[in-house]
Amino acid sequence: MTTISPLIAGNWKMNGLTHSLDELAELARLLTTGASPRAVVVICPPATLLAAVAAQGASSGILAGGQDCHMAASGAHTGDISATMLADAGAQYVIVGHSERRTDHAETDDIVRAKAEAAIGAGLKPIICVGETEAQRDAGHAEAVVSAQLAGSIPDAAEQHEVVVAYEPVWAIGTGRTPSLEDIAAIHGAIRARLVERFGERGETIRILYGGSMKPQNAREILDVENVNGGLVGGASLLAKDFYTIISAV
Ligand code: 13P
């Protein structure tokens, strides 16, 4: 078995003003005064705070990531942001295909794959999100849905470049509900199998994060599940103390 260094990413979503950098400073303090973290730590703030997070996080090893990127490097796309711009602002990662983007902006697997390709082209590591809805799970289709999303959303370039997969069941996001540990193990195992089928040995080393109501109270047991190589944390990443507890659970 290849060992994979875990990664804990905080997705601030559309939350965060200048004063939120105080939380980042507190997280940096906790990370530099406590036991050194065993996980790679990434914060994905809103784009307005990205450069500040990248600059401020550097001294404590906190990496910065974007929450989305356009598939083009530049051009007439008012309001959009390119992977090149994120990299220029100091990002090393970018989330693509989050279910909120897939729903709110009708992003298809093809679009998500193009964004992941753009991210790789800009030197970023894409965090590619997949996950089923509650209706799909209830119908017994969770694994098939996720397998199809993986096939469509991960670019071939993942063979040579670092990508991260995040499994986020849509019904667990922001609801306080999580799948059972058995269900997490089953779907993460299925994701690993798909990655190995497609990318061979390389597929053994791709990180698979769990996301959806990960909290200080449940992080340890979820992070202990086989093929869970870290977490993508929403609400609980907004408070330094909670996020630090999750990082420390690795
Ligand atoms: P919550 O942790 O708030 O459920 O959000 C998960 C998520 O969507 C992270 O991308």
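What comes next is a walk through the structure.

Comments concerning the nonpolar core
Thought 1: With 62 residues, the main nonpolar core has Leu27 and Val165 as its most contacted residues.
Thought 2: Top element by residues in this core is helix α1 (residues 21-33). It accounts for 6 residues.
Thought 3: Excluding its chain neighbours within four sequence positions, the residues that come into contact with leucine 27 are Ile43, Ile62, Ala240, Phe243, Tyr244 and Ile247.
Thought 4: Residues Cys44, Ile127, Cys129 and Ala166 belong to the second largest nonpolar core, which totals 12 residues.

Some points on helix α8 (residues 181-199)
Because the α-helix completes a turn every 3.6 residues, residues three or four places apart line up on one side.
Thought 1: In this model, α8 (19 residues) spans 26 Å end to end at C-alpha, consistent with the 27 Å of a helix rising 1.5 Å per residue.
Thought 2: Within the span of α8, buried status applies to Ile184, Ile187, His188, Ala190, Ile191, Arg192, Leu195 and Phe199.
Thought 3: On its buried side, α8 packs onto α6 (134-138), α7 (142-153), β6 (164-167), β7 (207-211) and α9 (219-223).
Thought 4: In the stretch just after α8, glycine 200 is the one whose phi turns positive, near 60 degrees.

Re the environment of glycine 10
Thought 1: The residue glycine 10 is located in strand β1 (residues 7-11) in this model.
Thought 2: Residues glycine 10 and isoleucine 43, 33 residues apart in the sequence, show an inter-C-alpha distance of 4.7 Å.
Thought 3: Beyond its immediate stretch of four places on either side in the chain, glycine 10 contacts Val42, Ile43, Cys44, Val233, Ser237 and Phe243.

Calculation notes
- Residues numbered from 1 in each chain as written.
- Predicted model: local features only at pLDDT ≥ 70, side-chain atom pairs only at ≥ 80, totals over all residues.
- Heavy atoms only, no water.
- Core = buried A, V, L, I, M, F, W, Y, C linked by side-chain atoms within 4.5 Å.
- Buried < 20%, exposed > 50% of the residue type's maximum accessible area, 1.4 Å probe, protein only.
- Helix = DSSP H or I, 4+ residues; strand = E, 2+ residues; numbered from the N terminus.
- Contact = heavy atoms within 4.5 Å.
- Expected span 1.5 Å × (residues − 1).

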